[in-house]
Amino acid sequence: MKHRKEEIFRKIPSVNRLITLIPDEIKVEYKQGFLTEIARESLDFLRKKILAGEVEDFDDDFLKDLFLKFLEKRKIFNLRRVINATGVIIHTNLGRSPISEKVAEHIGNIVTGYSNLEIDLETGKRGLRYQNVEELLKRLTGAEAVCIVNNNAAAVLLVLSSLASGKEVIVSRGELIEIGGSFRIPDVMEQSGAVLREVGTTNKTKLKDYEAAITENTALLMKVHTSNYRILGFTESVSGKELVALGKKYGIPVYEDLGSGSFVDVRKFGLSYEPTVNDVLSGGVDVVSFSGDKLLGGPQAGIILGKKELIEKIRKHPLNRALRIDKMTLAALEATLKIYLEGKELEEIPVWKMVSQPVSEIERRAEKLVQKIGSVKGKAEVNIEEVVSEIGGGALPLETLPSFAVTIKPKNTTAEKVYRQLRRLPEPVIARIKDEKIVFDMRTVFDSEVEKLADSILEVLKKD
Ligand SMILES: *Cc1c(COP(=O)(O)O)cnc(C)c1O
């Protein structure tokens with residue numbers, strides 16, 4: 001046996017000989033170093049397979065195919081599209097909000113050529129890069145002024161650095177949050193040079209707690225949206241409006257980190273009330289910031305809105321330049337905001353489309369999937385079940401939306417094994433496992449993905 005293995009090992013060609021086996025059109029298409037790397041990878045793989053006893057012999061065709069397989073693998077991007085069958089609409093690990101096709105088309109058009117990013121087309125002189133989206137945001141929200149940065153974490157850092165560095169910021173203990181990816185309010189505060197002044201307790205903070213903490217050193221009263229959790233039971237917190245009244249009394253501005261910032265009142269989808277950006281601003285809050293890629297359904301960005309005088313200060317801070325957004329984001333943001341201005345968000349922004357779609361539509365999509373994978377019945381138990389979807393992205397953590405899922409219980413193998421294979425496909429499928437079944441919540445699967453999802457399920461189940 002050992003002897004046999006040695007014999008096969010001796011047959012393994014050199015990197016250069018392997019390259020002579022591949023078709024000429026491939027040889028001329030890529031540079032030598034790239035081909036050498038792939039040849040090396042192929043031969044390493046071959047050695048491992050021989051050692052494991054999985055390859056007992058091979059010929060030139062086998063080697064050529066192996067090389068071509070590794071070449072194909074190289075062509076797959078590391079960051080690629082996945083099918084989200086989790087039912088979590090704003091899934092932090094899956095890129096949060098998908099943007100609409102229309103918006104993507106606009107980005108493509110802008111970045112594949114030149115644009116008027118910083119030129120005023122009227123005068124031919126240098127223009128301001130944010131002017132256009134600023135006007136749109138003002139119109140949509142009634143804000144006096146706007147500043148846009150890379151994400152909401154950057155927005156919080158910039159607001160605190162420019163309005164409160166070296167001074168105190170009063171925050172309720174119930175709002176000292178940590179968001180995924182270790183964004184912690186106390187740490188951001190420290191980084192900004194502002195001094196955190198915690199008031200109240202975890203479950204109860206009263207207006208008089210804030211008032212008692214005010215000194216001549218207080219620069220801001222801050223309210224943080226408790227995005228990814230809720231304190232339930234015996235609780236009390238101070239509304240933005242009450243804070244505004246207190247701020248006015250002492251001449252201290254109020255800043256609200258709204259987190260997910262929505263332009264749409266979610267009550268119409270049977271969800272409980274969440275203040276919209278407009279509600280917060282009309283309540284008198286001086287500065288508000290939120291993400292572009294949570295409930296807004298646009299690109300990653302941090303949007304800061306508020307009173308002109310304060311926003312001016314924020315814009316002038318040197319950090320603003322370091323945190324600025326690029327033209328792709330700007331293009332995406334403008335196109336997204338235009339959809340809101342036209343009132344078409346429920347049809348055109350994927351996040352709102354998914355939130356607002358009737359369950360009957362989801363059920364129909366589930367039926368379509370079941371129909372397409374019908375031939376797999378011998379290998380698995382396939383069912384349609386009622387499930388609940390989540391908004392995700394730290395928005396409305398306790399709220400769910402009724403939905404339908406296709407569940408698959410494999411007969412000859414485990415759900416985990418099948419799911420692992422689904423995750424490893426060129427276009428991976430992300431789902432959930434529950435009670436030995438793979439659960440595909442059809443709320444977050446696009447109509448255009450149903451066919452692909454069916455093919456993937458069939459491909460994987462046929463293998464076992
Ligand atoms: C999500 C969130 C942030 C961070 O926003 P990013 O856009 O992810 O940087 C900050 N504060 C709150 C309350 C959030 O929900």
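The written sequence of each chain sets the order in which its residues are numbered from 1. Whole-chain, interface and lining totals are the exception, using all residues; otherwise, since this is a predicted model, local features are given only for residues with pLDDT of at least 70 and side-chain atom pairs are given and counted only at 80 or more. Hydrogens are left out, water is left out, and the side-chain values use all remaining heavy atoms of the structure.

### Description of the nonpolar core
Part 1 of the reasoning: Definition of nonpolar core: a set of buried residues of the types Ala, Val, Leu, Ile, Met, Phe, Trp, Tyr and Cys, connected through side-chain atoms within 4.5 Å. For every residue, the accessible area obtained with a 1.4 Å probe (protein chains only) is divided by the maximum for its type, and the residue is called buried under 20%, exposed over 50%, and partly exposed between those limits. If you look at the biggest cluster of nonpolar residues, it comprises 60 residues, and the most contacted ones within it are Phe-263, Leu-305, Trp-352, Val-355 and Ile-391.
Part 2 of the reasoning: Helix numbers and strand numbers start at the N terminus; a helix is a DSSP run of H or I with at least 4 residues, a strand a run of E with at least 2. It is helix 15 (residues 327–341) that contributes the most residues to this core, 8 residues altogether.
Part 3 of the reasoning: An automatic or database domain assignment supplies the residue ranges for each domain. Of the residues that make up this core, three or more belong to each of domain 2 (83–92 + 354–461) and domain 3 (100–348).
Part 4 of the reasoning: Contact definition: two residues touch when any of their heavy atoms are within 4.5 Å. With near-sequence residues (within four places) excluded, Trp-352 lies in contact with Ser-262, Val-264, Val-266, Phe-269, Leu-295, Tyr-340, Glu-345 and Leu-346.

### Description of the pairing of strand 12 (residues 380–392)
Part 1 of the reasoning: Two strands pair when backbone bridges link them, and strand 2 (residues 88–90) and strand 12 are joined in this way by 2 bridges, in the parallel orientation. From the neighbouring strand, Ile-90 faces strand 12, where its bridge partner is Gly-392.
Part 2 of the reasoning: For two strands to count as paired, DSSP must find a minimum of two bridges between them. The pairing of strand 12 with strand 13 (residues 395–410) spans 12 bridges and is classified as antiparallel. Across the sheet, the residue bridging to Ser-389 is Leu-401, located in strand 13.
Part 3 of the reasoning: In this structure, the hairpin formed by strand 12 and strand 13 is closed by a connection of 2 residues, where Gly-393 is found at a positive phi of approximately 60°.

### Observations concerning the sheet that holds strand 7 (residues 195–199)
Part 1 of the reasoning: Taken in spatial order, the 7 strands make up an open sheet running 3-11-10-9-8-4-7, and their pairing is mixed. Each edge of the open sheet carries a strand with a single partner, namely strand 3 (145–149) and strand 7. Strand after strand, the sheet turns through a mean of 25° between neighbouring axes, direction not considered.
Part 2 of the reasoning: As judged from the 4 bridges shared by strand 9 (residues 254–259) and strand 10 (residues 287–291), these two strands associate in the parallel manner. For Tyr-255, the partnering residue across the bridge sits in strand 10 and is Val-287.
Part 3 of the reasoning: Strand contacts of helix 7 (residues 131–141): strand 3 and strand 11 (302–306), with the helix running at about 125° to strand 3, the strand carrying the most contacts. Lines are fitted to the C-alpha atoms to define the axes, a helix being fitted only along its stretch in contact, and any angle between axes, read from their N-to-C directions, falls within 0 to 180 degrees.

### Examining the domain arrangement of the protein
Part 1 of the reasoning: When the domains of the protein are assigned, the result is domain 1 (2–75), domain 2 (83–92 + 354–461) and domain 3 (100–348).
Part 2 of the reasoning: One C-alpha centre belongs to domain 2, the other to domain 3; they are set 34 Å apart.
Part 3 of the reasoning: Between domain 2 and domain 3, the contact holds 13 residues from the first and 16 residues from the second.
Part 4 of the reasoning: A simple way to read buried area is as the amount of 1.4 Å-probe accessible surface that goes missing from two parts once joined, with both sides added. Between domain 2 and domain 3 lies a buried interface of about 1200 Å² when both sides are counted; carbon and sulfur atoms form 73% of it.
Part 5 of the reasoning: Put simply, a salt bridge is a Lys or Arg side-chain nitrogen that is within 4 Å of an Asp or Glu carboxyl oxygen. Our count for the domain 2 to domain 3 interface comes out at 0 salt bridges.
Part 6 of the reasoning: Nitrogen and oxygen atoms within 3.5 Å of one another constitute a polar contact, given that in protein one can donate a hydrogen and the other can accept it, and given that sequence-neighbouring residues count only through two side-chain atoms. At the boundary of domain 2 with domain 3, the tally comes to 1 residue pair in polar contact (both at pLDDT 80 or more).
Part 7 of the reasoning: Of all the secondary-structure elements, those providing two or more residues to the side of domain 2 that touches domain 3 are helix 17 (350–356) and strand 13.
Part 8 of the reasoning: In terms of residues, the side of domain 2 that touches domain 3 owes the most to one element, strand 13, which gives 7 residues.
Part 9 of the reasoning: Each residue is assigned to one of three groups, with Ala, Val, Leu, Ile, Met, Phe, Trp, Tyr, Cys and Pro labelled nonpolar, Asp, Glu, Lys and Arg labelled charged, and all others, Gly among them, labelled polar. The class makeup of the residues in the side of domain 2 that touches domain 3 is 8 nonpolar, 4 polar and 1 charged.

### Description of the UniProt feature "modified residue: N6-(pyridoxal phosphate)lysine" (unreviewed entry) in the protein
Part 1 of the reasoning: UniProt positions are given in the numbering used here, feature names are shortened, and annotations may be inferred rather than shown by experiment. As recorded in UniProt, the sites labelled "modified residue: N6-(pyridoxal phosphate)lysine" (unreviewed entry) are Lys-294.
Part 2 of the reasoning: Topologically, Lys-294 is positioned in the loop between strand 10 and strand 11.
Part 3 of the reasoning: Those residues in contact with Lys-294 that sit more than four places away from it in its chain are Ile-90, Arg-96, Ser-97, Gly-259, Ser-260, Val-351 and Gly-393.

### Brief notes about the sheet that holds strand 12
Part 1 of the reasoning: As summarised here, the arrangement of the 5 strands in space is 2-12-13-16-15, forming an open sheet in which the pairing is mixed. Strand pairing shows two members of the sheet lacking a second neighbour, strand 2 and strand 15 (432–434), which therefore form its edges. Averaged over all neighbouring strand pairs, the angle between strand axes comes to 35°, with direction disregarded.
Part 2 of the reasoning: As defined by bridge partners, strand 15 adjoins strand 16 (residues 437–441) across 3 bridges and the pair is classed as antiparallel. Bridging from a neighbouring strand, Arg-432 pairs with Val-439 of strand 16.
Part 3 of the reasoning: Most of the contacts of helix 18 (residues 359–372) go to strand 13, to which it runs at about 25°, and overall it touches strand 12 and strand 13.
Part 4 of the reasoning: The sheet strands contacting helix 20 (residues 450–463) are strand 12, strand 13 and strand 16, and the helix crosses strand 13 at an angle near 45°.

### Overview of the pattern of salt bridges
Part 1 of the reasoning: All chains considered together, the criterion is met by 29 salt bridges.
Part 2 of the reasoning: Here Asp-60 makes a salt bridge to Arg-17, at a shortest N to O gap of 2.9 Å. Pair noted here: Asp-60 is in helix 5 (residues 60–75) and Arg-17 is in helix 2 (residues 15–21), with a separation of 43 residues, a long-range link.
Part 3 of the reasoning: Of the residues examined, Arg-17 reaches a relative accessible area of 37% and is grouped as partly exposed.
Part 4 of the reasoning: For Lys-102, the salt bridge is made with Glu-348, and the minimal N-O distance between the two is 3.4 Å. One end of the pair, Lys-102, is in helix 6 (residues 101–111); the other, Glu-348, is in helix 16 (residues 345–348), with 246 residues separating them in the sequence.
Part 5 of the reasoning: Each of Glu-118, Arg-126, Arg-129 and Arg-324 takes part in salt bridges that share partners, so that together they form one network.

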